[in-house]
Amino acid sequence: MGPVDIFITQIGDPLRLILLAGVIALQPRLEDRLGRIPTLAAGLVLVALLIPLLLPNGNVWFLVAAVIGLVTNAIQMGLLLGIWTLVRRFKH
C-alpha cells in the first residue's frame, strides 16, 4: 500500500473525523488553561498516533501511518475549524 492509498484511506475514515470533531468541541474548555493552539496541536497529534496504535494495518509501518495521519488530520481539522467558525458566527 503506497502513501497515496494510505492518505485516501485516512481522509475518508469516519473515526478520525469524529475524534477531531471531539477535540474541537472540547477545546474551549481547555483554552483558558492551555491556550488554543497547544490544545488543538495536542489533539491533532493524539489522533494521528492513537488510530495506528489501536487499529494497526499489517501492510503499513506505524511511523508512516502516523506521519501521513498528521497531514490528514491537519487538513481535516482546518476544514472542521472553518465550519465550526461559520456556525458560531451565524449562531450569534
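Here is what the cut-offs are and how they apply
Residues numbered from 1 in each chain as written. Predicted model: local features only at pLDDT ≥ 70, side-chain atom pairs only at ≥ 80, totals over all residues. Heavy atoms only, no water. Helix = DSSP H or I, 4+ residues; strand = E, 2+ residues; numbered from the N terminus. Buried < 20%, exposed > 50% of the residue type's maximum accessible area, 1.4 Å probe, protein only. Contact = heavy atoms within 4.5 Å. Lys, Arg positive; Asp, Glu negative; His and termini not counted. Charge placed at Lys NZ, Arg CZ, Asp CG, Glu CD. Axes fitted to C-alpha atoms, helices over the stretch in contact; angles between N-to-C directions. Parallel < 35°, antiparallel > 145°, perpendicular 65-115°, else oblique. Left-handed = near helix turned anticlockwise from the far one by under 90°. Nonpolar A, V, L, I, M, F, W, Y, C, P; charged D, E, K, R; others polar. pLDDT = per-residue confidence, 0-100. UniProt positions renumbered as here; feature names shortened; annotations may be inferred.

## Here we look at the overall build of the chain
Here comes step 1: Scanning the chain from N- to C-terminus turns up 4 helices and 0 strands.
Here comes step 2: Ordering the α and β elements of the chain from the N terminus gives α-α-α-α.
Here comes step 3: The C-alpha extent of the chain, read off along each of the three principal axes, is 45 × 25 × 15 Å.
Here comes step 4: Counting the 92 residues in the chain, one finds 28% classified as buried.
Here comes step 5: The long-range fraction of contacts in the chain, counting pairs at least 24 apart against all pairs at least 6 apart in sequence, stands at 76%.
Here comes step 6: A distance of 11 Å separates the average location of the 7 positive side-chain charges in the chain from that of its 4 negative side-chain charges.

## So, the environment of P56
Here comes step 1: Mapped onto the secondary structure, P56 falls in the loop between α3 (36-54) and α4 (62-91).
Here comes step 2: Here P56 falls in the exposed class, since its relative accessible area comes to 63%.
Here comes step 3: Considered as a pair, P56 and P3 are 53 residues apart in the sequence and their alpha carbons are 15 Å apart.

## Brief notes about the packing of helix α2 (residues 14-34) against α4
Here comes step 1: At a minimum axis distance of 10 Å, the contact between α2 and α4 shows a crossing angle of 55°. Classed by the angle they form, the pair α2 and α4 counts as oblique. As α2 runs across α4, the sense of the crossing is right-handed. Listed contacts from α4 to R16, L17, L20, A21, V23, I24 and A25 of α2 are G69, T72, N73, Q76, M77, L80, L81 and W84.
Here comes step 2: Each residue belonging to the contact of α2 with α4 can be placed in one class, and the counts come to 10 nonpolar, 4 polar and 1 charged.

## Brief notes about the confidence of the model for the chain
Here comes step 1: The predicted model of the chain has a mean per-residue pLDDT of 89, with 100% of residues at 70 or higher.
Here comes step 2: The weakest mean pLDDT in the chain belongs to α2 at 88; the strongest belongs to α4 at 92.

## Some points on the UniProt feature "transmembrane region" (unreviewed entry) in the chain
Here comes step 1: Feature annotation in UniProt places "transmembrane region" (unreviewed entry) on residues 37-55 and 61-87, given in this structure's numbering.
Here comes step 2: Taken end to end, residues 37-55 is 95% helix and 0% strand, and its two terminal C-alpha atoms sit 27 Å from one another.
Here comes step 3: Counted over residues 61-87, helix gives 96% and strand 0%. Its end C-alpha atoms are 38 Å apart.

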